[in-house]
Amino acid sequence: MMKSSEVLSLKQVSKSFPATLRGGQPIHILQQVDLSLSDSTSVAITGRSGSGKSTLLQISAGLLSCDSGQVIFENRELSTLDDVRLSMLRCRRMGFIFQSSLLLDDFNALENVQIPAMIAGCSEKEAQKRALNLLQTVGLADRLYHTSDQLSGGERQRVAIARALVNEPAVIFADEPTGSLDERNAQLVEDLLLNLVAERKVALMLITHNNVFAARCDFVYHLHNRNLEVDA
Amino acid sequence: MPLMESVSSPSPIIDMQVLLLLCTRYAFSKQNRHRGTSIRITIGLGLCLFAIIAVLSFMQALQRDQFDDIRTFESFDLQVVLSTSDEAAARHAADEIEALASVDNAFIYADIPVITQATAGDTVAGRIRGLEAEGRFLSQLNSYRGELFVPGFLASSYSNSRTHALKDEVKVTLLKKGRQATVIPSQKNMVIGSLYYTSSYDFDRATFLCDIETLLSLNPDVQLKIGIFTRNDVLEVKRHILDLGYEEVATYKELNASLYGAMELEQKMMTLMLFLMVLVILVHIRSSSRRLLLAKQREIAMLRSMGLTKKQVQSLFVLQSLLVTLIGCVAGLVFSYSAVALYPMLSNVVYQSMGVHLILEIRTHEVVVLVVTILVFSMLASFQGTHRILKADIMEMFAHDEVI
Amino acid sequence: MKGSLLHLMVLRKLGYRGSRAAKKRILFNILLISLVVASLVFAQIFVVSMSRGIADKYALLGNGHLQIHEHTGLELGPIEGLLDTQLVAQSHALIYSPEANKMVRLKGVGPEYFNEMRLEQLSMGTPEAGQATNLPQILISTALAEELGVTVNDRVALMLVSQNSIRPQLCVIHNLYDSGYQELDANLVFCDYELVHRLFGGKEETYYELLVEQSRMQSIKGDLQMQGYSVTSWDEENYSVATNLNTSRQAVLGVMVVVAILCGYFISELSRELVEDDKHKIAMLTLLGARRVFIRKVYFSTVMLVTLVSILAGTMAGMLLASNLGPLLSYIADKSIPSLSYYLLDFSISIPASDILSIILVLLFVSMISVQWSLRRVKVIEPLSCTHFD
């Protein structure tokens, strides 16, 4: 049973992958992991490369299915939802930021941010208005019509942050958002992300190698031996 | 946005708006040099469609030219076979038919197979056609020498004039009903009173002309027919004639069903052969859609994580190829209609090389069928090229460069 | 060294010891191009074979390859390429039965007329033993028999026109033949040469029909004309038929060439794809010192090898398909579809080598030009771009 302020709950979640794409002995990534995330709370997950951090994030967001256990998002068990409902849930209640910003190359910054709003059902005008506000908030008011190849790495990540927030999600899933940035830009992005999630009361699940960044979150977990440990 | 109690889809209109926005951009995406490919496909399709329409129009014009001769001189637009040899009854029938709306002319005629023998002994095997020449037949019949349709005289064609010259007396041999035998041969001398020519070589070689009274004097028992020229739809006129109670009514197409069928078959064969070109392009549509999808895997994964469903992503790729195909088809139609509009400037060249004046037309229903077929095939090609890849899990797309 | 490197790289591009995806792509393109080439070759063989079949019908049954317009007493010396000489008398008559009548061409021929070559062009029925009769015997086509409503051993009348009179001549149908081409045989009646001579009293047209080797037709014609004979060929005697056949063949060849041009152009899409997919590798190769000329050679050789293999496979497939068309055509012929009465469905397959070669050369030429054009992209790929990511 989820607590009233819980947005995300993982119960006894396990996941394994075959050794190669074509099969083989399975590699166990997660074993009976429990995790809960309350609204307006930020959680950082650290661990060494290959420990399964990204896998845990993907399962939490319904991007990957688990072998066993439950993933409950806002009182809905994700495994019971069909593709359409899951898509809508992702669209309206979740935001994503990845290490490479994954902007749509054929669209400019403004369009990249307005598209998720349109997918969620906003009219083009309303979506554009929201996108404009967010891009101003992240400091890219003068880069609205620039495509991704015309933006720097830091600017692309800021656009990604604005895109993740456009539908006022309940949770933002950020997988190494500063992983490919230099120190200065990484700091900028960290500050922006944490300030915005706090301001908008959005929960945050963050995957990062950066212990300093992780320490700025409300809770820090360390993924070790296929399970989560509270980071001392 | 408030917390949703239930997850429901946005309106289909907004869905379509998003898809259209995405597909228009993807159709000519610079990534993976897809734009160049799309432009080449567009131009290729345009040229293929133009080639098909141009060749078909040309073939139809040639066939129409051939059928024009048949309609004008041979079997007319419609033919009614009467069960009488009585001229008065036939005339009454002709008048009744001519009174119908859309009928320009209705006239009595009949043919009898004959062998004619000139003084020098040269024979021509053909027929004598006796008729009350009217309408298109009369207007397109060219008088070369003498006066046509003078009672008691025959008109020979210019093609036969070497052996059957003007003022020659020829022996005409035909078959008539006998008292005891079914048919008996009959012979009569007649004078060639005039020479004519038409645009139909086959008609000229085998036909002598005279007025109906002269023909009936040769063979009073010949079965009379009514030849009809119409200005509107031939089938509609046929229906009206059948309503009048006449039973044996046939259009020029029905009378020349085999020839007409053969011409239609030729056109279809030619279309099929030319469609090979379209198939080559359709294969490229398939592979270009697939390559675009492979290049955009990560973007698609992002779009999926933003809330686009699998069906929507599939529709996106089908729509982008449909857009490219549609532009190609429109280009092809523009080329075709422009060419037909400009053709009159070249018609003299065609006349000099082929000896015929052709009028090019584009049949709308054929064009519609062609365009719809191409669009449907391109959708199928694009679907076939992408649906397997889209079955993959979202995160596989993130993880692997190429999902196969 | 460079040769073996070229060899190695081309083989790898062709999928030898390469990835499954590479093999699949190459095989798919080979299949596609082969299918197109097979269709083009098949269509051209079909049309040319039908045209030649129709021409053979007219030559062997209608007018002979050549006609010498001499009445009798022709003595030709041995001529290389001359296969057969027959004296023929022909005229026109009205043939009539109780049900119908038709103008026909009455062709009087000698006993040796229906030799092996001519018999190959038609199928004869089996004469049935009927009542003994002194009436002249004639041979009519099944199409004409159907029109007149008669069959073997039935009597028909020929209306013959002579200088002073007309007279009917009763005949009996000795046998029926079918040439497979109604346009020719629907009004062609055979009878004994002497009969025509007797019936028309010298007013008939008499000439010699020569069957010659096709390749020598024009030269034999020229030689005979030089000897002072009046000679015409079957295409001169059947001008519109010959023109139509030629036009059809040219039109189909034109269409095939256009398709080949388009196919040739789209072969360059394969080279574009290969270059685009390998642009990082190409950048790396140039970084390692490979010359762009060499790199272009690799891709050019790969694509042209695929094209050549496809052309070979497609040509063979087209020829094989065309060669096995007989049973299908016979089946269609048996259906007696009216629209198909204007076409010949019983003909032997002849391979128009020059037409097929034209199509192949056009395809090769266009593909070479378009592939070379598409490989300009190689020039633009800079060594440093191997460090970039999409």
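For clarity, every value in this text was computed on a predicted model and none was experimentally measured. (Residues numbered from 1 in each chain as written. Chains lettered and ligands numbered in written order. Predicted model: local features only at pLDDT ≥ 70, side-chain atom pairs only at ≥ 80, totals over all residues.)

**What to know about unusual backbone geometry**
All names here are of chain A.
Reasoning step 1: Residue Glu168 is not a glycine yet carries a positive backbone phi of 50°.
Reasoning step 2: Counting through the fold element by element, Glu168 comes out in the loop between helix 5 (153-165) and strand 7 (171-175).
Reasoning step 3: A positive phi angle, close to 70°, is found at Arg226, a residue other than glycine.
Reasoning step 4: In this structure, Arg226 sits in the loop between strand 9 (219-224) and strand 10 (227-230).
Reasoning step 5: Of the residues examined, Arg226 has 16 C-beta atoms within 10 Å and is grouped as partly exposed. (Helix = DSSP H or I, 4+ residues; strand = E, 2+ residues; numbered from the N terminus. Buried ≥ 20, exposed ≤ 12 C-beta atoms within 10 Å, placed from the backbone.)

**Observations concerning the sheet that holds strand 6 (residues 94-97) of chain A**
All names here are of chain A.
Reasoning step 1: If you trace the six strands from one edge of the open sheet to the other, you get 6-7-8-3-9-10, paired in mixed fashion. Strands with a single pairing partner mark the edges of an open sheet, and in this sheet they are strand 6 and strand 10. Neighbouring strand axes in the sheet, compared pairwise and without regard to direction, differ in orientation by 20° on average. (Pairing = 2+ DSSP bridges. Axes fitted to C-alpha atoms, helices over the stretch in contact; angles between N-to-C directions.)

**Quick word on the interface of chain B and chain C**
Reasoning step 1: Facing the 33 residues of chain B at the interface are 30 residues of chain C.
Reasoning step 2: Ranked by residues supplied to the side of chain B that touches chain C, first place goes to helix 9 (residues 257-295) of chain B with 15 residues.
Reasoning step 3: Its residues assigned to classes, the side of chain B that touches chain C comprises 19 nonpolar, 11 polar and three charged. (Contact = placed C-beta atoms within 7 Å. Nonpolar A, V, L, I, M, F, W, Y, C, P; charged D, E, K, R; others polar.)

**A closer look at the domain arrangement of chain C**
Where interface size is quoted, it is often the accessible area lost as the parts come together.
All names here are of chain C.
Reasoning step 1: In terms of domain boundaries, chain C breaks down into domain 1 (2-55 + 243-387) and domain 2 (70-229).
Reasoning step 2: Computed over C-alpha atoms, the centres of domain 1 and domain 2 are 49 Å apart.
Reasoning step 3: Taken together, the seven residues of domain 1 in the interface contact four residues of domain 2.
Reasoning step 4: Counted by class, the side of domain 1 that touches domain 2 contains five nonpolar, one polar and one charged residues. (Domains from an automatic or database assignment.)

**Observations concerning the nonpolar core**
Reasoning step 1: Ranked by internal contacts, the top residues of the largest apolar core, which has 273 residues, are Val171(A), Ile226(B), Met277(B), Val189(C) and Cys263(C).
Reasoning step 2: Excluding its chain neighbours within four sequence positions, the residues that come into contact with Cys263(C) are Val280(B), Ile33(C), Val36(C) and Leu363(C). (Core = buried A, V, L, I, M, F, W, Y, C linked by C-beta atoms within 7 Å.)

**Regarding the domain arrangement of chain B**
Reasoning step 1: According to the domain assignment, chain B contains domain 1 (12-66 + 260-399) and domain 2 (76-254).
Reasoning step 2: Between domain 1 of chain B and domain 2 of chain B, the C-alpha centre-to-centre distance is 52 Å.

**Points about the sheet that holds strand 1 (residues 6-17) of chain A**
One key point about sheets: their strands pair by backbone hydrogen bonds, in either a parallel or an antiparallel sense.
All names here are of chain A.
Reasoning step 1: Strand order in this open sheet of four strands is 2-1-4-5, and the pairing throughout is antiparallel. Of all the strands in the sheet, the pair left with one neighbour each is strand 2 (27-38) and strand 5 (76-77).
Reasoning step 2: Alignment of strand 1 against strand 4 (residues 68-73), held across five bridges, turns out to be antiparallel. Paired with Lys11 across the strands is Gln70, a residue of strand 4.
Reasoning step 3: Along the sheet, helix 1 (residues 53-60) makes contact with strand 1, strand 2 and strand 4, crossing strand 1 at roughly 125°.

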